[in-house]
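Next come the chains, spelled out residue by residue.
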Amino acid sequence: MVVVLCLLAVSGEPLPAVEVAELHRLATARYPGLVYCKELSDDSQAWAVHLAESGQFYHGRGVRENIARGYATPAAVMGAWFRSRGHNAQFRRGGRVGYGVARHRGRVVWVCRFAPL
């Protein structure tokens, strides 16, 4: 089954479907037990927009998440998360996963949220 995700950037312009789908493809290539969750993606997207628009950078309360900024591509941000022991542990734990990415005034913010199955 192929899942194509389409998220909106802060500007309201769709991000290229290939770029967004690549986040999930890279995650599930390494951890096939991850299950895409639309609700987590909606939450991740809202948080990415908040961080990009506000210029702030901090974790949400009470959620399992990875956040990153400044990476230009899904491969770059996923590579960084996979190389980081703590960030990679989120993926290893498995479960449901959702993604968000927002661009605002040259800032790029990536969010990946996790929940149990």
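Residues numbered from 1 in each chain as written. Predicted model: local features only at pLDDT ≥ 70, side-chain atom pairs only at ≥ 80, totals over all residues. Heavy atoms only, no water.

Chemist: Explain the overall build of the protein residue by residue, including any values.
Modeler: What the protein contains, in helices and strands, is 4 helices and 4 strands. For the protein, buried positions account for 47% of its 117 residues. Sequence separation of at least 24 residues holds for 63% of the intrachain contacts in the protein that already meet a minimum separation of 6. (Helix = DSSP H or I, 4+ residues; strand = E, 2+ residues; numbered from the N terminus. Buried < 20%, exposed > 50% of the residue type's maximum accessible area, 1.4 Å probe, protein only. Contact = heavy atoms within 4.5 Å.)

Chemist: Kindly report on the pairing of strand β4 (residues 107-115), identifying the contributing residues and their values.
Modeler: Most of β4 sits inside the fold, with 8 of its 9 residues counted as buried. Of the pairings in the sheet, the one linking strand β2 (residues 64-69) to β4 comprises 6 bridges and is antiparallel in character. By the bridge assignment, Asn66 is partnered in β4 with Cys112. Bridge count for strand β3 (residues 96-104) against β4 is 9 bridges, and the pairing is antiparallel. By the bridge assignment for β4, Ala102 is matched with Val109. Between β3 and β4, which pair antiparallel in sequence order, lie 2 residues; one of them, Arg105, sits at a positive phi of approximately 50°. (Pairing = 2+ DSSP bridges.)

Chemist: How would you explain the nonpolar core if you had to name every residue and give the values?
Modeler: Core analysis: the largest hydrophobic core is formed by 18 residues, its most contacted members being Val77, Met78, Trp81, Phe91, Trp110 and Cys112. Apart from the residues lying within four places of it in its own chain, the contact partners of Trp81 are Asn66, Ile67, Ala68, His87, Asn88, Phe91, Trp110, Val111 and Cys112. Ranked by size, the runner-up nonpolar core spans 8 residues in total, among them Ala48, Ile67, Ala102 and Val111. (Core = buried A, V, L, I, M, F, W, Y, C linked by side-chain atoms within 4.5 Å.)

Chemist: Run through the confidence of the model for the protein, naming residues and quoting values.
Modeler: In the predicted model, the protein carries a mean pLDDT of 86, and 83% of its residues have values of at least 70. Considering only residues more than four positions removed or in separate chains, one finds that residues 1-14, a stretch of pLDDT under 50, has 31 contacts. (pLDDT = per-residue confidence, 0-100.)

Chemist: Just give me the short version of helix α4 (residues 85-92), but keep the residues and values in it.
Modeler: By the burial criterion, the buried members of α4 are Asn88, Gln90 and Phe91. One side of α4 holds all its buried residues, which, seen down the axis, span an arc of 145°. Phi turns positive, to about 75°, at Gly94, one or two residues after α4. (Arc of directions from axis to C-beta.)

Chemist: Any chance you could break down the environment of Thr73 for me, citing the residues and the numbers?
Modeler: Within the element layout of this structure, Thr73 appears in the loop between β2 and α3 (74-83). Of the residues examined, Thr73 reaches a relative accessible area of 35% and is grouped as partly exposed. As a C-alpha pair, Thr73 and Trp110 span 37 residues in sequence and 9.8 Å in three-dimensional space.

Chemist: Give me the lowdown on the pattern of salt bridges, citing residues and values where you can.
Modeler: A full pass over the atoms with the stated rule returns 3 salt bridges. Asp42 is the salt-bridge partner of Lys38, the closest N and O atoms lying 2.9 Å from each other. Of this pair, Lys38 and Asp42 are both found in helix α2 (residues 38-54), 4 residues apart, which corresponds to roughly one turn of the helix. Across the salt bridge formed by Arg113 and Glu65, the nearest N and O atoms sit 2.7 Å from each other. Here Glu65 lies in strand β2 and Arg113 lies in strand β4, a separation of 48 residues in the sequence. (Salt bridge = Lys/Arg side-chain N within 4 Å of Asp/Glu carboxyl O.)

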